Amino acid sequence: MAKSLHLTAFMRPVSLHTGAWRYPGSYPDANFNFDHIRSFIQKLEEAKFDAFFMADHLAVLNMPIDALVRSHTVTSFEPFTLLSALASVTEKIGLAATASTTFDEPYHVARRFASLDHISNGRAAWNIVTTSNPDSARNFGLDEHVEHGERYARAREFYEVVTGLWDSFADDAFIRDQQSGIFFDAAKMHVLDHKGKELSVCGPLNIARPVQGWPVIVQAGQSEPGRQLAAETAELVFCSPRDLAAAKMLYADIKRRMPAFGRNPEHLKILPAALIVIGDTVEEAKAKRAKLDSLVHYDSAIASLSIALGHDASGFDPDQPLPEIPETNASKTGRAQAVRLAQEEKLTVRQLAQRYGGYAGLAFVGTPQSIADEMEAWLSEEASDGFTVVFPYLPQGLDDVTQRLVPELQRRGLFRNDYEGTTLREHLGLPRPANAFFA
């Protein structure tokens, strides 16, 4: 069978584009309106998307108040509360959520994802993040953000603890014998008793093993430690390469590392984020993108650039090239990408800010046919296994993808016509992990 695309939808915020909520015909309250979000996920499930993906923020975005008042991301639902509600109004689509290894505890994360996996009958996925926003630290009793390398060291151990907790019980541990009065077999319960450099967790988890064995493991994978952690542990990688060439190098680099950890490269799916803007012609699609970008105020633009750089850019001369940026404790990948973009395209601070104020990542702008051509090229040239779709505005941008692009991909045999299984692992072609403690 020919290789086919996997599609997930980036849905928190409902669009990463700052101007999305202002676009004509869009829902300005889409991030925080359950009726809207329910309709979005049901349309995505009808189009046979693999998963509905929710990022998370543990602080309002670290930007000046003049820019913050223009942001549609200030208020959004807490992911687990929302996904648990959405599980009851869907049947097949995967439910992916971010949970921080820096500002949460393994037992909490293990319980929440195990619960979501049972509630949804095997559709949960955990996006492991170390949290780059320094303002988050101040919401969790810290005056300074945890150092970058330390965050990744904790994340690696955190993964071991969470997956160990998910394996606390054998799949057949709960016999529930009413006649004898024995609810579970004590020989099929494992006490983790983890004592490591960063974490100490006794266990066992007080929830049966998840339906999928483990919820699907999702990670970002662009920085060097991110690539290494993804090769060791991830099953789905969310990333943002700037073009086909960069994507091919990232794809090959992560996959080539996997055999050293005894892993099959086919058991990891790499899905770059891509903004998709569709028109009847390429020119019409470009006009939609230009209209969307025009709705971004400069206050938001310069604040978004500051976040990407991990450095306050508001004092820079807007009509001069980007000055030298000092190293910070924020995301190194985001900083490097912004500096490289400014250098390669010789952008002024104003031009770079306008790009970041809207959406600076990979974008497919064109007709359903031209975008399908691009996606097919990425798949055939091993630049990706599919895409994490970023919608330019909602509901129309989502409708364009589900009602116009997906049918074109299906016509070409590049995307499923129906789900072949019921769990997210089955959608992605991933094996169910064996229990580490019970054969």
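Residues numbered from 1 in each chain as written. Predicted model: local features only at pLDDT ≥ 70, side-chain atom pairs only at ≥ 80, totals over all residues. Heavy atoms only, no water.

Caption draft 1: Focus on the overall build of the chain. The number of helices and strands found in the chain is 15 helices and eleven strands. Expected size for 439 residues packed as a compact globule is a radius of gyration near 22 Å; at 22 Å, the chain falls within 12% of this value. Across its three principal axes, the chain shows a C-alpha extent of roughly 75 × 55 × 40 Å. Residues counted as buried form 54% of the 439 residues belonging to the chain. (Helix = DSSP H or I, 4+ residues; strand = E, 2+ residues; numbered from the N terminus. Rg over C-alpha atoms; globule rule 2.2 N^0.38 Å. Buried < 20%, exposed > 50% of the residue type's maximum accessible area, 1.4 Å probe, protein only.)

Caption draft 2: Representation of the environment of isoleucine 175. Examined against the element boundaries, isoleucine 175 turns out to sit in the loop between helix H6 (148-166) and strand E5 (194-195). Accessibility expressed as a relative area gives 45% for isoleucine 175, which makes it partly exposed. Once the C-alpha coordinates of isoleucine 175 and aspartate 185 are considered, the two residues, ten residues apart in sequence, prove to be 6.9 Å apart. With near-sequence residues (within four places) excluded, isoleucine 175 lies in contact with Ile182, Phe183, Phe184 and Asp185. (Contact = heavy atoms within 4.5 Å.)

Caption draft 3: Representation of the packing of aromatic side chains. Applying the stated criterion across every chain yields a total of 19 aromatic pairs. Each ring, one from tyrosine 23 and one from tyrosine 393, has its centre 3.9 Å from the other, and the planes form 10°; the classification is stacked. Here the residue tyrosine 23 occupies a position in the loop between strand E1 (6-10) and helix H1 (34-46), and tyrosine 393 occupies one in the loop between strand E11 (386-390) and helix H14 (396-411), the gap between them amounting to 370 residues. We note that tyrosine 23, like tyrosine 393, is buried. Between phenylalanine 53 and phenylalanine 238, the aromatic rings sit 5.5 Å apart at their centres with planes inclined by 45°, giving tilted as the arrangement. Within this pair, whereas phenylalanine 53 is found in strand E2 (residues 51-54), its partner phenylalanine 238 is found in strand E8 (residues 236-239), the two being separated by 185 residues in sequence. (Phe/Tyr/Trp six-rings, centres within 6.5 Å; stacked < 30°, edge-to-face > 60°.)

Caption draft 4: Region of the structure containing the pattern of salt bridges. Across all of its chains, the model carries 33 salt bridges by this definition. Between aspartate 172 and lysine 188 there is a salt bridge whose closest N-O contact spans 2.8 Å. With aspartate 172 in the loop between H6 and E5 and lysine 188 in the loop between H6 and E5, the pair connects residues that are 16 residues apart, well separated along the chain. By relative accessible area, aspartate 172 is classed as partly exposed at 44%. Ionic pairing is found between glutamate 345 and arginine 355, a salt bridge with its closest N-O pair at 3.1 Å. Residue glutamate 345 is located in helix H11 (residues 332-345), and its partner arginine 355 is located in helix H12 (residues 349-358); the two are separated by ten residues in the primary sequence. With a relative accessible area of 41%, glutamate 345 lands in the partly exposed category. Given the relative accessible area of 30%, arginine 355 is considered partly exposed. Overlapping salt bridges bring together Glu224, Arg227, Asp253, Arg256 and Arg257 as one network. (Salt bridge = Lys/Arg side-chain N within 4 Å of Asp/Glu carboxyl O.)

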